[in-house]
Amino acid sequence: DVKVTQSSRYLVKRTGEKVFLECVQDMDHENMFWYRQDPGLGLRLIYFSYDVKMKEKGDIPEGYSVSREKKERFSLILESASTNQTSMYLCASSSGTIMSNSPLHFGNGTRLTVT
Amino acid sequence: KQEVTQIPAALSVPEGENLVLNCSFTDSAIYNLQWFRQDPGKGLTSLLLIQSSQREQTSGRLNASLDKSSGRSTLYIAASQPGDSATYLCGVTGGGNKLTFGTGTQLKVEL
């Protein structure tokens, strides 16, 4: 069974802090994704990665960066946290390419509050 | 830009009823469509994936259909149970391996 683990379930940070959200998957998946989920807005893609050291911007990358130094780990970085980044953050992974049509596997999410 | 809509936003049904959840998308150039379940405060669990060349997929009491040309998918749940209560989301994979989600249908199955 695929397991996607997000290091924190709940996180409270202050405005201006640098925040690291960590995600690890145990199935050797090539693709990893970071989404944020907000009421009424649904899930929005922040960044994704097809392979180690590769990254692509999603729909809302502003204020975020990512790091993928190892295949199993994909980190989301908030360079200077702001209150509008208070949200539920969800990491996901999948195998292969688009044509492999493999399902997306999600972690349990990190609920981040920025005060 | 792909837009995904799910109607209704919320649904309440008595136990045992068969029900249909709807998902529509604006760009028919998709690779696949996935249905997910999300329990409160948790991540998403993939239920069914329909490839663009397929018309439907079945898993237990769940059946998902896809009509790519009209931009629609339905998730049929047979003989609903209280344990089916959750939010159901559909996601469409288009160009760039990006999955675009709808905002979900919150289902409550009552005893």
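The present account deals with the structure reproduced in this document. (Residues numbered from 1 in each chain as written. Chains lettered and ligands numbered in written order. Predicted model: local features only at pLDDT ≥ 70, side-chain atom pairs only at ≥ 80, totals over all residues. Heavy atoms only, no water.)

**Some details on the packing of aromatic side chains**
Rules: Note on aromatic pairs: the rings of Phe, Tyr and Trp (six-membered ring only in Trp) are paired at centre separations within 6.5 Å, and the planes decide the class, stacked below 30 degrees, edge-to-face beyond 60, tilted for the rest. A helix here means a DSSP run of H or I that spans at least four residues, while a strand means a run of E at least two residues long, and both kinds are numbered starting from the N terminus. Three exposure classes are used, based on accessible area relative to the maximum for each residue type with a 1.4 Å probe and protein chains only: buried under 20%, partly exposed in between, and exposed over 50%. Geometrically, a lysine NZ or arginine CZ counts as sitting over a ring once it is within 6 Å of the ring centre and also within 35 degrees of the ring normal.
Enumeration according to the criterion identifies nine aromatic pairs over all chains in this entry. Taking 6.1 Å as the distance between ring centres and 70° as the angle between the ring planes, the aromatic pair formed by F106 of chain A and F101 of chain B counts as edge-to-face. With F106 of chain A in strand β10 (residues 105-106) and F101 of chain B in strand β10 (residues 99-101), this pair bridges two chains. Taken as a pair, F106 of chain A and F101 of chain B share a single burial class, namely buried. An aromatic cluster is defined as three or more aromatic residues linked by ring pairs; in this entry it consists of F33, Y35, F48, Y50 and F106 of chain A together with F36 and F101 of chain B. If you follow R9 of chain A out to its NZ or CZ, it ends over the ring of Y10 of chain A, 5.7 Å from the centre.

**Examining the side chain of S80 of chain B**
Note the cut-off: Throughout, a contact is declared for two residues whenever any of their heavy atoms are within 4.5 Å.
Following the sequence through the fold, S80 of chain B ends up in the loop between β8 (72-77) and β9 (86-93). When near neighbours in sequence (up to four residues on either side) are disregarded, S80 of chain B contacts V13, P14, E15, G16, E17, L19, R61 and V109 of chain B.

**With respect to the environment of G63 of chain A**
Note on placement: G63 of chain A falls in the loop between β6 (56-57) and β7 (64-70). If we skip the residues at most four places from it in the chain, G63 of chain A touches I77, L78, E79 and Q85 of chain A.

**Some remarks on the sheet that holds strand β6 (residues 56-59) of chain B**
Residues and elements named next belong to chain B. We apply this condition: Should DSSP find at least two bridges between two strands, the strands are regarded as paired. The convention used is that axes are lines fitted to C-alpha atoms, helices contributing only their stretch in contact, and that angles between N-to-C directions extend from 0 to 180 degrees.
A sheet is described by the order of its strands in space; here five strands give the open sequence β1-β3-β8-β7-β6, paired in antiparallel fashion. Across the chains shown, the open sheet's two edge strands, defined by having one partner strand only, are β1 (4-7) and β6. The mean inter-strand angle of the sheet, taken between neighbouring strand axes irrespective of direction, is 15°. Relative to β8, strand β3 (residues 19-25) is paired through six bridges, and the arrangement is antiparallel. When the bridges of β8 are listed, L21 appears paired with L75.

**Remarks on the pattern of salt bridges**
All names here are of chain A. Heads up, the rule is: By definition here, a salt bridge exists when the distance from a side-chain nitrogen of Lys or Arg to a carboxyl oxygen of Asp or Glu is within 4 Å.
A full pass over the atoms with the stated rule returns nine salt bridges over all chains. One salt bridge connects K18 with E79, and the closest N-O pair in it is separated by 3.7 Å. Here the residue K18 occupies a position in the loop between β2 (10-13) and β3 (19-25), and E79 occupies one in the loop between β8 (73-78) and β9 (87-94), the gap between them amounting to 61 residues. Among the ionic pairs, K71 bridges to D28, the shortest N-O distance being 3.3 Å. Residue K71 is located in the loop between β7 and β8, and its partner D28 is located in the loop between β3 and β4 (31-38); the two are separated by 43 residues in the primary sequence.

**Observations regarding the interface of chain A and chain B**
The condition that has to hold: Two parts placed together each lose some accessible area; with a 1.4 Å probe, that loss summed over both constitutes the buried area. Residue classes follow a fixed rule: Ala, Val, Leu, Ile, Met, Phe, Trp, Tyr, Cys and Pro count as nonpolar, while Asp, Glu, Lys and Arg count as charged, and any other residue, Gly among them, counts as polar.
On the chain B side, the residues contacting the 24 residues of chain A number 19 residues. Buried area between chain A and chain B, summed over both chains or domains, comes out near 1800 Å², and the portion from carbon and sulfur atoms is 57%. Viewed at the interface, chain B and chain A are joined by zero salt bridges. Within the side of chain A that touches chain B, the residues separate by chemical class into 14 nonpolar, eight polar and two charged.

Nothing here speaks to function; it is geometry throughout.
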